[in-house]
Amino acid sequence: MRHKHSDYMHWSKTQSRARFNLATSGVAPFPFRELPIDVKELEINGDNSYGYPPLQRAIAAHHGVGRECVVEAAGTSMANHLAMAAIIEPGDEVLIEHPTYGPILDIAHYLEANVKRFRRPEENGWTIDAAEVRRCATPKTRLIVITNLHNPTSVLTPDSVLREVGDTARSIGAFMLVDEVYLDAVYENTPRTSFHLGPQFVVTSSLTKVYGVSGLRCGWILAQPDLAWKIRRLNDLYSATPVHLGELLSVAAFRHLDLLRERARRIVEADRKSLREFLAQQSAVSVVETNWGTTSFPRLSCDSGRNADAFLERLRSEFDTSAVPGRFFEMSDHFRIGMGVNTEMFAEGLNRITRALGRGD
Ligand SMILES: Cc1ncc(COP(=O)(O)O)c(C=O)c1O
């Protein structure tokens, strides 16, 4: 039976909410009223058959790529789906990092790929070992998939490693899909998109996570022009044209991206400070800390029972606090905490985690 759903998305939509919600992955909503736009300039219909040119130009300029390489998509979710569907045939081998963002795996299974994995070991700081990827790749591998920043850990993969993995992909005629939805949450020396590293690189991203404008569903794919065109034609089967109002507001968001980003940075950094204080005092969890990103992926220590599901259930029912169970990343003794939310709410959520950890099962 073909895999036709995502357990993580379902959980996230139905069970992640709590008064102290640390189960998020993106920055809290940017208030519409603070976006400097004139609503009289908005229109319901527009010329956007295969993309709205001003939005394509804004995305292209953001990444320093040609407009012909940009494909609009409904968020990174649809961008991942479209890119993978355009590349993969049933039975193709697809090599995906472990752990990874669940829906990426779900899409690969839905497309009936032969899914293989390579490990990002916690003991190595969740880094990618290019030699390990080389060992796992075969002449049947059609696509290698990673997230950068890594979801759930926020670990950054440097260009040197991306290049090596890209060399492996090129040597076997495979593509390299890099989901960069969190990359702009590196606030100092923000890396350029990996799309520049070679024609085998296909990149997905959006404004949904790092900029607080998730509701615009402004996502995109960067691909070489021939693949980009194939993806646009494939999207005719899914969603014809995007919502034009969303495109106009997305162009406005790009025009004021620095404003959105600075606000997001302030919120994320305040939360990271609280998280650091929490981790410094907490022996019941261990974590690979990063200086960037919106998520952190602590592991429960042996003393805490190492079953994050039971712990999180108690955290929710007794402390009205939520975080994402590690089982959605195939790591059941971990849980994911999301930064970028209200500072006081975040700090109180951490307080409650401390209390729940203290009490034990
Ligand atoms: C790595 C990764 N890719 C894609 C998505 C989906 O993002 P979007 O809201 O843009 O569809 C998420 C959301 O959490 C994510 O973590």
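In this numbering scheme, every chain counts its residues from 1 along its sequence in written order. The predicted nature of this model means local features are confined to residues of pLDDT at least 70 and side-chain atom pairs, given and counted, to a pLDDT of 80 or more, with totals for whole chains, interfaces and linings taken over all residues.

**Section: the overall build of the protein**
Working step 1: Secondary structure assignment for the protein yields 11 helices and 14 strands.
Working step 2: Relative to the compact-globule value of 21 Å for 361 residues, the protein shows a C-alpha radius of gyration of 20 Å, a close match.
Working step 3: Every C-beta atom is placed from the backbone, and the number of other C-beta atoms within 10 Å of a residue's own sets its class: buried at 20 or more, exposed at 12 or fewer, partly exposed in between. Looking at the protein as a whole, 48% of its 361 residues are labelled buried.
Working step 4: For the protein, the share of sequence-separated contacts (at least 6 apart) that also reach a separation of at least 24 residues comes to 74%. Put simply, DSSP marks the helices as runs of H or I at least four residues long and the strands as runs of E at least two long, and each gets a number from the N terminus on. Within these notes, the globule rule equals 2.2 Å times the number of residues to the 0.38 power, and the radius of gyration is based on C-alpha atoms. Note on contacts: residues are paired as contacts if their backbone-placed C-beta atoms lie within 7 Å.

**Thoughts on the sheet that holds strand β6 (residues 175-179)**
Working step 1: The pairing criterion is simple: DSSP has to find at least two bridges between the two strands. The mixed open sheet is built from 7 strands, whose spatial order is β2-β8-β7-β6-β5-β3-β4. Across the chains shown, the open sheet's two edge strands, defined by having one partner strand only, are β2 (70-74) and β4 (114-119). Between one strand axis and the next, the sheet turns by 25° as a mean value, whatever way the strands run.
Working step 2: Orientation is described by axes fitted as lines to C-alpha atoms, over the contacting stretch for helices, and by angles from 0 to 180 degrees between their N-to-C directions. In the packing of helix α6 (residues 159-171) onto the sheet, contacts are made with β5 (141-147), β6 and β7 (201-206), and the angle to β6 comes to roughly 145°.

**Quick word on helix α2 (residues 53-63)**
Working step 1: For α2, every residue scored as buried is listed here: L55, Q56, A58 and I59. One face of α2 carries all of its buried residues, which in axial projection span an arc of 160°.
Working step 2: In this structure, the buried residues of α2 make contact with β2, β8 (218-222) and α8 (244-255).
Working step 3: Backbone geometry just downstream of α2 places G64 in the positive-phi region, at approximately 65°. What the arc measures is the spread of directions leading from the helix axis to the C-beta atoms.

**Topic: the site of the ligand**
Working step 1: We call a residue near a molecule or strand if the C-beta atom, set from the backbone, is within 6 Å of it. Taken together, 13 residues sit near the ligand, with G75, T76, S77, S206 and T208 positioned nearest.
Working step 2: No other element matches helix α3 (residues 75-87), which puts 3 residues into the shell around the ligand.
Working step 3: Of the residues that constitute the shell around the ligand, the class distribution is 2 nonpolar, 10 polar and 1 charged. Throughout this entry, Asp, Glu, Lys and Arg are counted as charged residues, while Ala, Val, Leu, Ile, Met, Phe, Trp, Tyr, Cys and Pro are counted as nonpolar. The remaining residues, Gly among them, count as polar.

**What about the nonpolar core?**
Working step 1: Here a nonpolar core is just a set of buried residues of the types Ala, Val, Leu, Ile, Met, Phe, Trp, Tyr and Cys, joined wherever their C-beta atoms sit within 7 Å. Within the largest apolar cluster, 101 residues are counted, with the highest numbers of intra-cluster contacts made by A83, L143, I144, V202 and I221.
Working step 2: For this core, the element with the most residues is α3, which contributes 7 residues.

**Things to note about the pairing of strand β14 (residues 335-338)**
Look at any regular strand and the pattern is simple: side chains alternate between the two faces of the sheet.
Working step 1: Judged by which residues are buried, β14 turns out to be covered on both faces: F335 and I337 on one side and R336 and G338 on the other are all buried.
Working step 2: Inspection of the sheet shows strand β10 (residues 295-296) paired to β14 by 2 bridges, in the antiparallel sense. Following the sheet pairing, T295 is matched in β14 by G338.
Working step 3: Bridging between strand β13 (residues 324-325) and β14 involves 2 bridges; their strand directions are antiparallel. By the bridge assignment, V324 is partnered in β14 with R336.

**Let's talk about the domain arrangement of the protein**
Working step 1: Throughout the structure description, domain borders are defined by an automatic or database domain assignment. Its domain assignment divides the protein into domain 1 (7-28 + 258-359) and domain 2 (41-255).
Working step 2: The gap between the C-alpha centroids of domain 1 and domain 2 is 25 Å.
Working step 3: Taken together, the 26 residues of domain 1 in the interface contact 27 residues of domain 2.
Working step 4: Broken down by element, the side of domain 1 that touches domain 2 gets its largest block of residues, 6 residues, from helix α9 (residues 257-281).
Working step 5: In terms of residue class, the side of domain 1 that touches domain 2 is made up of 13 nonpolar, 7 polar and 6 charged.

**Quick word on the packing of α3 against helix α7 (residues 225-235)**
Angle between the axes and distance between the axes are the two parameters that describe a pair of packed helices.
Working step 1: Running from N to C, α3 and α7 point in directions that differ by 110°, and their axes come no closer than 9 Å. One way to sum up the angle between α3 and α7 is to call them roughly perpendicular. Listed contacts from α7 to L82, A83, A85 and A86 of α3 are L227, K230, I231, L234 and N235.
Working step 2: Considering only residue class, the contact of α3 with α7 consists of 7 nonpolar, 1 polar and 1 charged. Roughly parallel means an angle under 35 degrees; roughly antiparallel, over 145; roughly perpendicular, 65 to 115; everything else is oblique.

**Details of the environment of D184**
Working step 1: Structurally, the position occupied by D184 is in the loop between β6 and β7.
Working step 2: In this structure, the C-alpha to C-alpha distance between D184 and Y211, residues 27 residues apart in sequence, is 8.8 Å.
Working step 3: Apart from residues lying up to four places away in sequence, D184 is in contact with T190, V210 and R261.

**Side note on the environment of R134**
Working step 1: Topologically, R134 is positioned in helix α5 (residues 130-136).
Working step 2: The exposure class of R134 is partly exposed, given the 15 C-beta atoms found within 10 Å.

**A look at the packing of α3 against helix α4 (residues 102-110)**
Working step 1: The N-to-C vectors of α3 and α4 enclose an angle of 30°; their axes lie 10 Å apart at closest approach. Seen from above, α3 lies across α4 with right-handed handedness. Within the contact between the two elements, α3 uses S77, N80, H81 and M84 and α4 uses P103, I104, I107 and A108.
Working step 2: Tallied by class, the residues present in the contact of α3 with α4 amount to 5 nonpolar, 3 polar and no charged. Put simply, a crossing is left-handed when the front helix is turned counterclockwise from the back one by less than a right angle, and right-handed when it is turned clockwise.

**Description of helix α10 (residues 308-319)**
Working step 1: All of the buried residues along α10 are A308, F311, L312, L315, R316 and F319. The buried residues of α10 occupy an angular sector of 130° when the element is viewed end-on, so they sit on one face. Residues of α10 that are exposed and point more than 90 degrees away from the buried face comprise E313, S317 and E318.
Working step 2: Two residues or fewer after α10 comes D320, characterised by a positive phi angle close to 50°.

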